[in-house]
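# Structural features, examined
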Number of protein chains: 2
Amino acid sequence: MELGKYRLYSEMARGEKKAELVFKGARVFMAHTGEFVDGDVAIADGIVLGVGHYSGRREIDLTGKYLCPGFIDSHLHLESTLVTPGELIRQAALCGTTTFIVDPHESANVSGSEGIDYILKQTENVPANVYVMMPSCVPATDVDDNGCTLTAGKMKSYLDQPRILGLGEVMDAVSVVNGSVSMHEKLALFENRVRDGHAPFLEPGDLAAYALAGISTDHECVDYDYAMEECRNGMYVLIREGSAARNLDAIVGGIVSRHTDTSFFCFCTDDKHIEEIRREGHINYNIKRAVQLGLPVEKALKMATIQAARCYGLSRLGAIAPGYQADFTVLDNLKDLNVLEVYHKGRKILAESHGNIPPCPPDLKQTVHLDHFSQEQLILPHAGGKAHVLQMIGGQIVTEDLREEVPFQKTEKGNVFIPEGGYLKIAAVERHKNTGKTGVGIVKGFGIKGGAIASSVSHDSHNLIVIGDNDRDMYLAVRELIRTQGGYTLVENGKVYETLPLPIMGLMSDAGYETVNKVLKKMIAKAYEMGIPKDFDPFITLSFMALPVVPEIRITPRGVYLVKEERLLKTPFEQ
Amino acid sequence: MELGKYRLYSEMARGEKKAELVFKGARVFMAHTGEFVDGDVAIADGIVLGVGHYSGRREIDLTGKYLCPGFIDSHLHLESTLVTPGELIRQAALCGTTTFIVDPHESANVSGSEGIDYILKQTENVPANVYVMMPSCVPATDVDDNGCTLTAGKMKSYLDQPRILGLGEVMDAVSVVNGSVSMHEKLALFENRVRDGHAPFLEPGDLAAYALAGISTDHECVDYDYAMEECRNGMYVLIREGSAARNLDAIVGGIVSRHTDTSFFCFCTDDKHIEEIRREGHINYNIKRAVQLGLPVEKALKMATIQAARCYGLSRLGAIAPGYQADFTVLDNLKDLNVLEVYHKGRKILAESHGNIPPCPPDLKQTVHLDHFSQEQLILPHAGGKAHVLQMIGGQIVTEDLREEVPFQKTEKGNVFIPEGGYLKIAAVERHKNTGKTGVGIVKGFGIKGGAIASSVSHDSHNLIVIGDNDRDMYLAVRELIRTQGGYTLVENGKVYETLPLPIMGLMSDAGYETVNKVLKKMIAKAYEMGIPKDFDPFITLSFMALPVVPEIRITPRGVYLVKEERLLKTPFEQ
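The present account deals with the structure reproduced in this document. (Residues numbered from 1 in each chain as written. Chains lettered and ligands numbered in written order. Predicted model: local features only at pLDDT ≥ 70, side-chain atom pairs only at ≥ 80, totals over all residues. Heavy atoms only, no water.)

Let us now look at the overall build of chain A. When its secondary structure is counted, chain A shows 16 helices and 29 strands. Taken over C-alpha atoms, the radius of gyration comes to 24 Å for chain A, in line with the 25 Å a tight globule of 575 residues would show. In chain A, which comprises 575 residues, the proportion classed as buried is 66%. A total accessible area of about 19400 Å² is found for chain A, and carbon and sulfur atoms account for 48% of it. Each charge class in chain A can be summarised by its mean position, and for the 60 positive and 75 negative side chains these summaries are 4 Å apart. (Helix = DSSP H or I, 4+ residues; strand = E, 2+ residues; numbered from the N terminus. Rg over C-alpha atoms; globule rule 2.2 N^0.38 Å. Buried < 20%, exposed > 50% of the residue type's maximum accessible area, 1.4 Å probe, protein only. Areas by Shrake-Rupley, 256 points an atom, 1.4 Å probe, with all protein chains shown as cover. Lys, Arg positive; Asp, Glu negative; His and termini not counted. Charge placed at Lys NZ, Arg CZ, Asp CG, Glu CD.)

Here it is in structure tokens:
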């Protein structure tokens, strides 16, 4: 702080001069001591000067209300919410989240540095603090066919950007523990910064080796015991409550029943649709749910504020104390925990507030490169014997690798698998470089009847992914996404029912969240109607079925992938 | 970590290769989760590889014992223990302290950069981690006559040294909150590092302004309520239990009775004599005492380990987890908390282990520059009326400013104060630059009879300080300290009873702790015998009576100083 400013603010802090702005009479959450105290909060230039007895040139009466530091989402992908970054931030900020630790992993997988630059530019002038973790696994693995490769060399130019905090979730645990040169070049580049993890259910020795590489967070744990194992290994546990993966009940339930020390726990959403943010909330929902489960509200608030700030070295965020940025969330009471107002740098965030956000570069709106695609590419010859079947699980992104006899049909070209009796067809179609690669597999548990569902959002390579009970509708779905240059689509009985175009890298809409929500609601209702079980979020669950780093079995444009065995099968009938 | 090494250690962490060294079968304190778990700890090259089931090429059986991270003293002055830095570290390390956050404030006040370099060099090859905070207040205030001035300009050359962590305790709160240029130059120099505080009982507004300047720790709070105030202002509270200042009972007592969140509390000793370290312990004593007061042992251990490490940004210290430095303290049980063994970087610290410590440069052993000193300089003319009397308080370094009628005697030169009826004489004699400045005052509560006690350790300027009930013995005491070039001395009835020479900057002995302890024990016993109350540590309490930053009244070579009023009086009779 410039000395002239400090002198003025010091006078205000000491009450010798009226502060610029004072929030009067709230119960203020003191993050360092984990308690509420009654007091006025003095502000100048977006910075807290002190908490005590103050009067200001401008005053905001908060009598009877609860003033908390703005919440921090310690890990999320902006792209997953389908709207532009500015849209998402605005909606989540209205829920009380004022700091976002963002991994632009999806954009980087489609468009490389240009994708990262897009996220940085779009979040420059939003009413929130947006920090970026450099995507570490682009592509996620060697079996991926994505749009770009991000090497340590390419990352170097980002090191000096003040909003680049560290290395994004390191998903390729195998490369880490085996000491792969290219992976360790990236880890070394961020040696003195935070390196985020992605480590679902590593064996104890592997987890130790993974932590030894310097990785200090994880948001992938789905149960209490594993969360504790990670924490014992020195990692912050970022408790995730998103659209597809909901881990909060399991982890917080364990914390409550065992009176666990929560110093190294934070909250994140990872991937959450804007429609759910609007309906349920953002990090405020993590807090509310944790409190409902019996976690003391003070502990939940610390997870959402100062602990996340400390985890990421953000020394001036996450508390209401002198020198901290004036990011506040006003709550009605400690039971309902409704967010009444939100402030960023002392300024109220308004529902209609838009920053000055630049348009998307045209190149990033033409990213589905799939000049030739025929229905024949979807045929799956039945080789006889048992097939690897991808069992989908409600509310989870993990899958089970079943080996089962599956139905088939004789054709002139030989026996082919037919989607019947609960078995469906799934396909991943490469869309970045016109390679024509198409992998076809068999899934169970997704239930769609008389049509197909497809998406160009398909972690992490974002090829096209489609599930259906007949080839014609699956083919139509792929054609539709070529036409719209990305999106979500539902095809029923030979007709496109509805499409949500996502032209920005095939990941995001530029239509605004109202349109996105409206279309999505309609499509989701239809998807359930077509037989998809209600414990799935149809499009989000679909979007994880090609991710070759989450157990046990996935579909990729090169074929079926067995995650634990690290084995690619050209057809599900390969043993 | 170099990749070849990582690959090898990863194999060891995963149990594919035997680890270099394994600590078997201990109950291991997991700092991140605040719990004990049974496990083996695998080590290589002084680094923890993992906690779990391991076998090693070398194994140390710790069955039935408790393995904790090495303890951290979050704030201390090495000089105050009277022995050379290496001696102190060795003794404290044997008590389980493996990391020392050191402020070489005393050395800097006597010898400037040379004094700091001395501390850095002496702690280069010790069996512990020694980090240095750059002394911020040299001299402590404008009313001080010390040996050197340390400006921001002079500090710059230290910024790149990896063991310089931040700015040392900022004692001059007035300069901070008033925005003094020279003070804020120093604060700005360490903007992105830790800036330690020293803020006994600031008013709420002043404390806010002080924290606003970026100061984030304090070790001066003596009670629970103020500790909480500091913590609410975003400051870590370093709970001090030293030789002179013992604040632990008051603060931890409050914590226990109110179930306070202790995330932002740590432990320190500040100033502790080696004799007491040997008898009572070091940070292990803080832990033991806190547990006796009812603090859960896990919370006490976190204060002594990971919380202190996080406070100072030491990301690889304070826990037993992969990648952390293998600094361990082995305890017998959780009740007695006796330290059985201590390890630094996986190596056992032995009682006889001396590092390769260079000798003290000759210049630093000739620092008492006082060529002319006469007994007349000690005469205190009695001006009539009430005098400011410095009331000393047992177990505290704060004093009270009494205004009382004091005894006097008629002489040919007029009325002079005579030390009688509980009133004693105190004098501070400038010793760095032969200025001849001598301040004389009146104290109460110290009780010495028939003699004088003197010291060249006298915070923070380290001029000579002497208290006695007659001028002759006080004069003899000063002469003795000129002869020995610094030290502690006791004079009784015209004869030097005993002197502990402290020739290194007038602060430290080079005789080894056994000699220091033996002589000190004898002198302290004698001091009590001469009437000093047993709730004082005679020499340490004496050494704080010239410190013009601790309320309420002090003696300096320029006269009596009223701390709160910031007013220097030529004589205690000035109103």
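Now that the structure is up, let's keep going.
Our next topic: the side chain of N286(A). Examined against the element boundaries, N286(A) turns out to sit in helix α11 (residues 283–292). If sequence neighbours within four positions are ignored, N286(A) has contacts with I239(A), E241(A), L248(A), F267(A), C268(A) and T269(A). (Contact = heavy atoms within 4.5 Å.)

With that settled, consider the packing of aromatic side chains. Summed over all chains, the structure comprises 18 aromatic pairs over all chains. Geometrically, the ring pair formed by Y236(A) and F264(A) is tilted, given 4.8 Å between the ring centres and 50 degrees between the ring planes. Of the two residues, Y236(A) sits in strand β12 (residues 236–240) while F264(A) sits in the loop between α9 (248–258) and β13 (265–268), which places them 28 residues apart along the sequence. The class for Y236(A) is buried, based on a relative accessible area of 8%. Ring geometry for F36(B) and Y66(B): centres 5.4 Å apart, planes at 85 degrees, overall edge-to-face. Placement of F36(B) in strand β2 (residues 35–44) and of Y66(B) in strand β5 (residues 66–69) is noted, with a sequence separation of 30 residues between them. On the basis of relative accessible area, Y66(B) is assigned to the buried category, the value being 16%. Put simply, the rings of F23(A), F328(A) and Y343(A) pair up and form one aromatic cluster. Note that K526(A) overlies the ring of Y497(A), its terminal NZ or CZ placed 4.9 Å from the centroid. (Phe/Tyr/Trp six-rings, centres within 6.5 Å; stacked < 30°, edge-to-face > 60°. Lys NZ or Arg CZ within 6 Å of the ring centre and 35° of its normal.)

Before going further, it helps to spend a moment on the sheet that holds strand β29 (residues 567–569) of chain B. Residues and elements named next belong to chain B. In spatial order, the strands read β27-β28-β29; together these 3 strands make up an open sheet with antiparallel pairing. Looking at strand neighbours, the two that pair on one side only are β27 (553–556) and β29, the edges of this open sheet. Between one strand axis and the next, the sheet turns through 30 degrees on average, direction left out of account. (Pairing = 2+ DSSP bridges. Axes fitted to C-alpha atoms, helices over the stretch in contact; angles between N-to-C directions.)

With their axes 8 Å apart at the nearest point, helix α1 (residues 3–13) of chain A and helix α7 (residues 204–212) of chain B run at an angle of 150 degrees to one another. Regarding the angle of α1(A) to α7(B), the classification is roughly antiparallel. Here the hand of the crossing between α1(A) and α7(B) comes out right-handed. For the pair α1(A) and α7(B), contact is made by Y6(A), Y9(A), S10(A) and A13(A) and by G205(B), A208(B), A209(B), Y210(B) and L212(B), respectively. Tallied by class, the residues present in the contact of α1(A) with α7(B) amount to 7 nonpolar, 2 polar and no charged. (Parallel < 35°, antiparallel > 145°, perpendicular 65-115°, else oblique. Left-handed = near helix turned anticlockwise from the far one by under 90°. Nonpolar A, V, L, I, M, F, W, Y, C, P; charged D, E, K, R; others polar.)

Turning our eyes to something else, we now look at the relation of the copies chain B and chain A. Superposition of chain B onto chain A requires a rotation of 180 degrees combined with a translation of 0.0 Å along the rotation axis, giving an RMSD of 0.1 Å. The superposition of one copy onto the other is thereby described by a two-fold rotation axis. Among all residues of chain B, the one whose C-alpha sits closest to the rotation axis is S263(B), at a distance of 3.8 Å. Most of the interface of chain B is mirrored in chain A, where 100% of its interface residues are also at the interface. (Least-squares fit on C-alpha atoms with pLDDT ≥ 70 in both.)

Our focus in this paragraph is the packing of helix α11 (residues 283–292) of chain B against helix α12 (residues 297–304) of chain B. All names here are of chain B. Where α11 contacts α12, the axes come no closer than 9 Å and their chain directions differ by 155 degrees. Judged on the interaxial angle alone, α12 and α11 are roughly antiparallel. Crossing handedness for the pair α11 and α12: right-handed. Across the interface between the two elements, I283, I287, A290 and V291 from α11 touch V297, A300, L301 and A304 from α12. Across the contact of α11 with α12, the residue classes break down as 8 nonpolar, no polar and no charged.

A word on helix α3 (residues 105–122) of chain B. All names here are of chain B. For α3, with 18 residues, the first-to-last C-alpha span of 15 Å runs short of the 26 Å given by 1.5 Å per residue. At S111, α3 shows its strongest bend, of approximately 145 degrees. Taken across its 18 residues, α3 has 14 buried, putting it largely inside the fold. (Expected span 1.5 Å × (residues − 1). Bend = angle between axes of the 7 residues up to and from the residue.)

This part takes up the pattern of salt bridges. In the structure shown here, the tally under the stated rule is 64 salt bridges over all chains. Of the charged contacts in the structure, one is a salt bridge between K522(A) and E498(A), with a shortest N-O distance of 2.7 Å. Note that K522(A) is positioned in helix α15 (residues 513–529) and E498(A) in strand β26 (residues 495–501), a separation of 24 residues in sequence. Here K365(B) makes a salt bridge to D510(B), at a shortest N to O gap of 2.5 Å. A residue pair is termed long-range when its members are at least 10 positions apart, and K365(B) in the loop between β16 (347–348) and β17 (387–392) and D510(B) in the loop between β26 (495–501) and α15 (513–529) qualify at 145 residues. For D510(B), a relative accessible area of 43% translates into the label partly exposed. (Salt bridge = Lys/Arg side-chain N within 4 Å of Asp/Glu carboxyl O.)

A few words on the sheet that holds strand β28 (residues 559–562) of chain A. Residues and elements named next belong to chain A. In spatial order, the strands read β27-β28-β29; together these 3 strands make up an open sheet with antiparallel pairing. With partners counted over all chains shown, the strands left at the sheet margins are β27 (553–556) and β29 (567–569), one partner each. Pairs of neighbouring strands in the sheet enclose a mean axial angle of 30 degrees, with direction left out of account. Across 3 bridges, β28 lies against β29 in antiparallel orientation. Looking at the pairing, Y561 lines up with L568 of β29.

Residue and element names in this part refer to chain B. Scanning the entire structure with this criterion turns up 16 cavities of 30 Å³ or more. Computed from the structure, the largest cavity encloses a volume of approximately 100 Å³. What lines the largest cavity is a set of 17 residues, and nearest its centre among them are H77, E169, D271, D460 and F544. (1 Å grid on protein atoms, 1.4 Å probe; cavity = no way out; pocket = protein on both sides within 12 Å on 5 of 7 lines; lining within 4 Å. Points joined across faces, edges and corners; volume = space filled by probe spheres on them.)

What follows deals with the interface of chain B and chain A. Chain B puts 51 residues into the contact, and the matching count from chain A is 51 residues. The junction of chain B with chain A conceals about 3800 Å² of combined surface from both sides, 60% of it contributed by carbon and sulfur atoms. Of all residues in chain B, Y6(B), L212(B) and R232(B) bury the most surface against chain A, accounting for 19% of the area lost on that side. Counting across the interface, chain B meets chain A through 4 salt bridges. Residues R232(B) and E35(A) are paired through a salt bridge, measuring 2.4 Å at the closest nitrogen-oxygen approach. (Buried area = accessible area lost by both parts, 1.4 Å probe.)

Counting through the fold element by element, I277(A) comes out in helix α10 (residues 274–280). On a C-alpha basis, the gap between I277(A) and T81(A) in space is 9.0 Å, while along the polypeptide they are 196 residues apart.

Looking along a regular strand, one sees the side chains alternate between the two faces of the sheet. Residue and element names in this part refer to chain B. The buried fraction of strand β9 (residues 164–170) amounts to 7 of the 7 residues, a majority that puts the element mostly inside the structure. In this structure, strand β8 (residues 129–134) lies alongside β9, joined through 3 bridges in parallel fashion. Directly across from V132, in β9, lies its bridge partner I164. Pairing of β9 with strand β10 (residues 194–197), which is carried by 3 bridges, proceeds in the parallel orientation. When the bridges of β10 are listed, L167 appears paired with R195.

To continue, consider unusual backbone geometry. Going from H459(A) to D460(A), the amide bond is cis rather than trans, its omega being -10 degrees. Position of D460(A) relative to the elements: it lies in the loop between β23 (451–455) and β24 (464–468). Residue P139(B) is bonded to the preceding V138(B) through a cis peptide linkage, with omega at 5 degrees. Tracing the backbone shows P139(B) in the loop between β8 and α4 (152–155). Here the phi dihedral of F201(A) falls at roughly 50 degrees; this positive angle occurs in a residue that is not glycine.

Residue and element names in this part refer to chain A. Here the second largest pocket is characterised by a volume of approximately 1000 Å³. Listing elements by their share of the lining of the second largest pocket, those giving two or more residues are α5 (173–177) and α6 (181–189). Of the residues that constitute the lining of the second largest pocket, the class distribution is 22 nonpolar, 10 polar and 10 charged.

This paragraph deals with the pairing of strand β19 (residues 408–411) of chain B. Residues and elements named next belong to chain B. Of the pairings in the sheet, the one linking β19 to strand β20 (residues 414–417) comprises 4 bridges and is antiparallel in character. Each bridged residue has a counterpart across the sheet, and for Q409 the counterpart in β20 is V416. Between β19 and β20, which pair antiparallel in sequence order, lie 2 residues.

Moving on to the state of the cysteines. Residue and element names in this part refer to chain A. Taken as a whole and assessed by the stated rule, the structure comprises 0 disulfides over all chains. Unpaired in terms of disulfides, C231 finds its nearest cysteine sulfur in C221, a separation of 9.2 Å. For C231, a relative accessible area of 0% translates into the label buried. C266 supplies the cysteine sulfur nearest to C268, a cysteine that is in no disulfide, at a spacing of 8.9 Å. Residue class for C268 comes out buried when judged on its relative accessible area of 0%. (Disulfide = S-S within 2.5 Å.)

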